[in-house]
Amino acid sequence: MSETTLRETALRLDSEDPLAKRRELFALDEAVYLDGNSLGALPAHVPDRMADVIAREWGRLRIRSWDESGWWTAPERIGDRIAPLVGAAPGQIVVGDSTSVNVFKAVVAAARLAGDDRDEILVDATTFPTDGYIAQSAARMTGRRLVPVAPHEVAAAAGPRTAAALVNHVDYRTGRLHDLPGITEALRAAGALAVWDLCHSAGALPVGLDAHGVDLAVGCTYKYLNGGPGAPAYLYVAERHQAAFDSPLPGWNSHADPFGMTPGYTAAEGALRGRVGTPDILSMLALESALDVWDGVSIEDVRAKSLALTDFFLRCVRAYVPEGAVESLTPEAHAERGSQVALRCDAAPAVMAELIARGVVGDLRRPDVLRFGFTPLYVGFADAERAARVLAEVVAEVLGGARDEASGGGRTV
């Protein structure tokens, strides 16, 4: 299909897109920003909100803001705003700490919930490295053995010795979507608990935590939820587990009487047990403000556009990029795809550097993976077409230069 036809198709799809107006809510420039799966774009209203938080709530009200500005209840309040995006009822999500800290809480608590007779913890063998590091530490602390397993083999690997499994919903390298309903059901049948990392799925596709019986889950908020760099993560504890949830980090904020300052610890009721220390209020309130862009948005509409965008991008790549120059690592099947496209390319570092220089911002996973994240609230079909067109130009130049240099032509990449 010709460039003209694909550009016309992109413009038509953008004109029919029910989410297209959401783009106006973000502070964007002329670049095609396809790195929202690492850091979401800034919602345009957040700076004004943060100016008020700093100048009035902190500057004038000072300590009174813990009550008068609602700082103290922010972790649960914001958790309830995230809940619909991941299919959870209110009262099960608390916001605070980093993803890594919440993974630690969740895995240790899951092992404790499972009981002492279960001596192994399964971990996604393709997981984001930190999850693996944390899982290894959690296993040592709880006296369990850590067993790395490919995600598609978790269901078969779970058995009477399995306490819990930590699995990524979407693979951060390839964009592969794993079978959360099926794996969770298999773990439940084996008497084990399911702990899911939602960092690359929340805000991009339906998760269905309650509907699928997930036990515990964690996720970051600075990717598809646009909370800002270092924005606090969240912890989901299913209501049925909250009374027995035994956090390995019992801080004063999760105490039943935090201002009693007693030497003995008594856990608070509900999801508050997931709190630890004083909340990071500035970043937390930036996140709360950023979540306004989700008001009135159906996550099913987001998913539909995500799949359409990634389909269209792959179609454009096939039409524009020289055959054999890149290889898609992202599954074609919709049921197996998250909201990113990963392309293997021999000269990936040089290609991504040049793409960014030309206004197409993706990211690199060494040694050879080009990663493009499609955030449906602000990425459109014209963006996808432009990205594929520029990719084709860059690949032809970089790989052509490399071939010339290898053949002694003297041309450098």
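Because the structure is predicted, anything quoted here is derived from the model rather than measured.

Rules of the game
Residues numbered from 1 in each chain as written. Predicted model: local features only at pLDDT ≥ 70, side-chain atom pairs only at ≥ 80, totals over all residues. Heavy atoms only, no water. Helix = DSSP H or I, 4+ residues; strand = E, 2+ residues; numbered from the N terminus. Polar contact = N/O pair within 3.5 Å; in protein donor to acceptor, adjacent residues only side chain to side chain. Contact = heavy atoms within 4.5 Å. Salt bridge = Lys/Arg side-chain N within 4 Å of Asp/Glu carboxyl O. Buried < 20%, exposed > 50% of the residue type's maximum accessible area, 1.4 Å probe, protein only. Domains from an automatic or database assignment. Buried area = accessible area lost by both parts, 1.4 Å probe. 1 Å grid on protein atoms, 1.4 Å probe; cavity = no way out; pocket = protein on both sides within 12 Å on 5 of 7 lines; lining within 4 Å. Points joined across faces, edges and corners; volume = space filled by probe spheres on them. Phe/Tyr/Trp six-rings, centres within 6.5 Å; stacked < 30°, edge-to-face > 60°.

Caption draft 1: Quick look at the side chain of Thr 330. Within the element layout of this structure, Thr 330 appears in the loop between strand S9 (327–328) and strand S10 (340–344). In this structure the side chain of Thr 330 is engaged in a polar contact, spanning 2.8 Å, whose partner is the backbone nitrogen of Ala 342. Among residues more than four places away in sequence, those in contact with Thr 330 are Thr 174, Gly 175, Arg 337, Gln 340, Val 341 and Ala 342.

Caption draft 2: Representation of the pattern of salt bridges. Counted under the stated rule, the structure contains 33 salt bridges. Note that Arg 81 and Asp 295 form a salt bridge whose closest N and O atoms lie 3.3 Å from each other. Here Arg 81, found in helix H4 (residues 74–82), pairs with Asp 295, found in the loop between helix H10 (281–290) and helix H11 (299–320); they are 214 residues apart in sequence, far enough to count as distant. Among the ionic pairs, Asp 363 bridges to Arg 371, the shortest N-O distance being 2.7 Å. Arg 371 sits in the buried class, given a relative accessible area of 0%. Look at the salt bridges and you will find they share partners, linking Glu 3, Arg 7, Glu 385 and Arg 389 into a network.

Caption draft 3: Spotlight on the domain arrangement of the protein chain. Assigned domains of the protein chain: these are domain 1 (3–30 + 297–406) and domain 2 (48–294). One C-alpha centre belongs to domain 1, the other to domain 2, and the line joining them spans 31 Å. If you look at the interface, domain 1 gives 26 residues, while domain 2 gives 18 residues. Summing the contributions of domain 1 and of domain 2, the shared interface buries around 1,900 Å²; its carbon and sulfur component is 60%. Among the residues of domain 1 in contact with domain 2, Ile 299, Arg 303 and Gln 340 are the three that bury the most area, contributing 25% of the side total. Remark: the boundary between domain 1 and domain 2 carries one salt bridge.

Caption draft 4: The arrangement of the layout of surface pockets in detail. Empty space within the largest pocket amounts to approximately 270 Å³. Along its surface, the largest pocket is lined by 21 residues, and Thr 99, Phe 128, Cys 199, Tyr 222 and Lys 223 are the ones closest to its centre. Secondary structure elements with two or more residues in the lining of the largest pocket: helix H5 (99–114) and helix H6 (129–142). Looking at the second largest pocket, its volume works out to about 230 Å³. Along the walls of the second largest pocket sit 15 residues, with Ala 150, Pro 151, His 152, Arg 176 and His 178 positioned nearest its centre.

Caption draft 5: Layout of unusual backbone geometry. Of note, the amide linkage connecting Arg 366 to Pro 367 takes the cis form, showing an omega dihedral of 10 degrees. Residue position: Pro 367 is located in the loop between strand S12 (363–365) and strand S13 (369–373). Even without being a glycine, Asp 97 presents a positive backbone phi close to 70 degrees. On the secondary structure map, Asp 97 appears in the loop between strand S2 (93–95) and H5. Judged by its relative accessible area of 28%, Asp 97 falls in the partly exposed class. For Asn 226, which is not glycine, the phi dihedral falls at a positive 60 degrees. Checked against the element boundaries, Asn 226 lands in the loop between strand S7 (216–219) and strand S8 (234–237).

Caption draft 6: Geometry of the packing of aromatic side chains. Applying the stated rule across the entire model yields eleven aromatic pairs. When the ring of Phe 128 is compared with that of Tyr 172, the centres are 5.1 Å apart and the planes differ by 80 degrees; the resulting orientation is edge-to-face. Taken together, the positions of Phe 128 in the loop between strand S3 (120–124) and H6 and Tyr 172 in the loop between strand S5 (162–168) and helix H8 (180–189) put the pair 44 residues apart, joining distant regions of the chain. Given a relative accessible area of 35%, Phe 128 falls into the partly exposed group. Ring centres of Trp 252 and Phe 259 lie 5.4 Å apart, and the angle between their planes is 85 degrees; this geometry places the pair in the edge-to-face category. With a relative accessible area of 32%, Trp 252 lands in the partly exposed category. Ring pairs connect the aromatic residues Trp 66, Trp 71, Trp 72, Trp 252 and Phe 259, which therefore count as one cluster.

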